[in-house]
Amino acid sequence: MTETTEKNSCREAEELINFIRKSPTAFHTVSTIKAMLDENGFTQLFEENEWAPAPGNKYYVIRNCSSIIAVSVGSCLQNPSFQITASHSDSPLFKVKENAILKTKEKYARLNTEGYGGMICSSWLDRPLSLAGRAVVKNGSKFESRLFNIDRDLLLIPNVAIHMNRSVNEGTSFNKQTDMLPLFSTSLPSEEDFKKMIADELGVLPEQLYGSDTFLYCRSAPSVWGKDNEFISSPRLDDLQCVFSSLLGFLNGKNEKNINVFACLDNEEVGSGTRQGAASTFLPDVLGRISQAVFREKEGYYRAASSGFMLSCDNAHAVHPNHPEKTDDTNCVYINEGIVLKSHAGQKYTSDAVGMAAFREICKRADVPVQVFANRSDSAGGSTLGNIAMGQISMCCVDVGLPQLAMHSSYETAGVKDTSFMIRAVNEFYNSHFEVSGDSFSV
């Protein structure tokens, strides 16, 4: 790696850290993305309004404040294709229940929470936590969604002392209703006090607050570390590392022959089966309406989709230094050694030979290394949003990601170089033009 490339990697790592700090929940992630799109000359479209997009212009659409799709329409669309990256805005965490206050012997106040997604519970213990989310506020006759983030150390889930749990180092299971509730106060606040705290953060009266989606988030500061500063550790690397790098590749990409699309969708961690998830109509709705306005007939939509290509971008499991036996013998990946192509015979990953060949060519042009991941044959593994999205819009698709350790921990670890690799590859992807004929393609 050249000195210039190393400097770029360090700069992009700091930019990623800044992006993550602004994005404690899926709602905030979308707000951060929106600000970056606004700075780059994109125009917001609203689903309830009539659209009039035109070639040569840039747009974005938000659904539920937690999913966003941005579209850059080329100016020379003679044989266009949709060039799409899809990542997800959510991460495993804890959501606060409506009636939040629990009291212990009239001495402690805890918050009543429930798990969202498959988190590593132990990683949430003894860490500084706080609250952030989306609230619905009544403003005159209107009800408005507003984001809030209580930006201070507010909560903590204390471990049980080893003297009271002698088997803690022999393997401990965690009950989310008893073990994972955060300590909030010794002053025994009421439900009204809790509501007022959020209202104060929003600058409104408590009676204006009609509801909220409130989540715990980990406040441990992101860090670049290692002998050569080669590692980055942070909350929510899965999937904000892919969100950030694919967004930068999208913003820097330019292709007048295509319709370039950046999609960041919510609820991947719980199956994507919501109106803003990959299984919803959000992506085909946006692409269909853009196509109708640009092509003036539906045939253009089907043609652009059939010749289109999607990168499903979600992080992958790196070989664990203490447990290399957990990964496949030959299809295993390492931090800072390149972008991961993910493959699965049962189609938990949507990659096939055609998609993998196309992505390898993209990475070759971008001078970016590629690795291949497959689960051990005796392990179920995870899945992602690629094959779910393909149930709504059919095109060539490949699952890719960046290698990381401790996936679904409250504090995950990945590689500094890999963020740069993904930015370069995605940028090359958006600069390329795919032409598909049957199962053959040129790029």
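Calculation criteria
Residues numbered from 1 in each chain as written. Predicted model: local features only at pLDDT ≥ 70, side-chain atom pairs only at ≥ 80, totals over all residues. Heavy atoms only, no water. Helix = DSSP H or I, 4+ residues; strand = E, 2+ residues; numbered from the N terminus. Rg over C-alpha atoms; globule rule 2.2 N^0.38 Å. Buried < 20%, exposed > 50% of the residue type's maximum accessible area, 1.4 Å probe, protein only. Lys, Arg positive; Asp, Glu negative; His and termini not counted. Charge placed at Lys NZ, Arg CZ, Asp CG, Glu CD. Phe/Tyr/Trp six-rings, centres within 6.5 Å; stacked < 30°, edge-to-face > 60°. Lys NZ or Arg CZ within 6 Å of the ring centre and 35° of its normal. Core = buried A, V, L, I, M, F, W, Y, C linked by side-chain atoms within 4.5 Å. Contact = heavy atoms within 4.5 Å. Salt bridge = Lys/Arg side-chain N within 4 Å of Asp/Glu carboxyl O. Expected span 1.5 Å × (residues − 1). Pairing = 2+ DSSP bridges. Axes fitted to C-alpha atoms, helices over the stretch in contact; angles between N-to-C directions. Polar contact = N/O pair within 3.5 Å; in protein donor to acceptor, adjacent residues only side chain to side chain.

Draft legend 1. Just the overall build of the chain, in detail. Within the chain, the regular secondary structure consists of nine helices and 22 strands. Since a compact globule built from 443 residues should have a radius of gyration of about 22 Å, the 22 Å found for the chain is in line with a globular shape. If one aligns the C-alpha atoms of the chain with their principal axes, the spans along those axes are about 70 × 60 × 40 Å. Counting the 443 residues in the chain, one finds 52% classified as buried. Once the 42 positive and 53 negative side-chain charges of the chain are each reduced to a mean point, those two points are 4 Å apart.

Draft legend 2. Spatial organisation of the packing of aromatic side chains. Tallied over the full model, the rule gives 14 aromatic pairs. Judged by centre distance (6.5 Å) and plane angle (45 degrees), the rings of phenylalanine 27 and phenylalanine 215 are tilted. Of this pair, phenylalanine 27 sits in helix H2 (residues 26–39) while phenylalanine 215 sits in strand S10 (residues 209–218); the two residues are 188 residues apart in sequence, bridging distant segments of the chain. What links up through ring pairs into an aromatic cluster is the set Phe42, Phe250, Phe262, Phe309, Phe429 and Tyr430. Sitting over the ring of tryptophan 51, arginine 289 keeps its end group 4.0 Å from the ring centre.

Draft legend 3. How the structure looks around the nonpolar core. Counting 50 residues, the largest nonpolar core has Leu37, Phe262 and Ile339 as its most contacted members. For this core, the element with the most residues is helix H4 (residues 237–252), which contributes nine residues. Every residue in contact with phenylalanine 262, bar those within four places of it in the chain, is listed here: Ile33, Ile68, Ile69, Ala70, Thr85, Ser87, Val243, Ser246, Leu247, Phe250 and Tyr430.

Draft legend 4. Structural detail: unusual backbone geometry. With an omega of 20 degrees, the peptide bond running from aspartate 238 to aspartate 239 counts as cis. By the secondary structure assignment, aspartate 239 is in helix H4. Positive phi is not limited to glycine here, since aspartate 126 has a value of about 60 degrees. Taking relative accessible area as the criterion, aspartate 126 reaches 45% and is therefore assigned partly exposed. With phi around 65 degrees, arginine 236 is a residue other than glycine that occupies positive phi space. Locating arginine 236 in the fold gives a position in the loop between strand S12 (231–234) and H4. You can call arginine 236 buried: its relative accessible area is 11%.

Draft legend 5. Up close: the pattern of salt bridges. Counting across every chain of the model gives 15 salt bridges. The shortest N-O distance in the salt bridge between lysine 95 and aspartate 213 comes to 3.1 Å. Taken together, the residues lysine 95 in strand S5 (residues 93–104) and aspartate 213 in strand S10 connect sequence positions 118 residues apart. Residue lysine 95 is classed as partly exposed on the basis of its relative accessible area of 26%. Sharing partners across several salt bridges, the network here consists of Arg11, Glu12 and Glu15.

Draft legend 6. Inspection of H4 at higher detail. Spanning 16 residues, H4 covers 22 Å between terminal C-alpha atoms, matching the ideal 22 Å at 1.5 Å per step. In terms of burial, H4 is largely enclosed, as 15 of its 16 residues are buried.

Draft legend 7. Spatial organisation of the sheet that holds strand S15 (residues 316–317). The five strands are arranged S11-S12-S20-S19-S15 in an open sheet whose pairing can be described as mixed. Each of the sheet's edge strands pairs with one partner strand only, and the pair in question is strand S11 (223–225) and S15. With three bridges connecting them, S11 and S12 associate as antiparallel partners. Each residue of the ladder has a partner; that of valine 224, found in S12, is isoleucine 232.

Draft legend 8. Expanded view of the sheet that holds strand S2 (residues 58–63). Read across the open sheet, the nine strands follow the order S1-S2-S3-S13-S4-S14-S18-S16-S17; overall the sheet is mixed. The open sheet terminates on both sides in strands that have one partner only, identified here as strand S1 (43–45) and strand S17 (370–373). With direction set aside, neighbouring strand axes in the sheet form an average angle of 25 degrees. Here helix H5 (residues 282–295) sits on the sheet and contacts S1, S2, strand S3 (67–73), strand S4 (82–88), strand S13 (259–265) and strand S14 (309–313); the angle it forms with S3, its principal contact strand, is near 25 degrees.

Draft legend 9. Main features of the environment of aspartate 314. Secondary-structure assignment places aspartate 314 in the loop between S14 and S15. Residue classification places aspartate 314 among the buried positions, given a relative accessible area of 5%. When the C-alpha positions of aspartate 314 and serine 220 are compared, they lie 22 Å apart, and in sequence the two are 94 residues distant. Side chain to side chain, aspartate 314 and histidine 88 meet in a polar contact 3.2 Å long.

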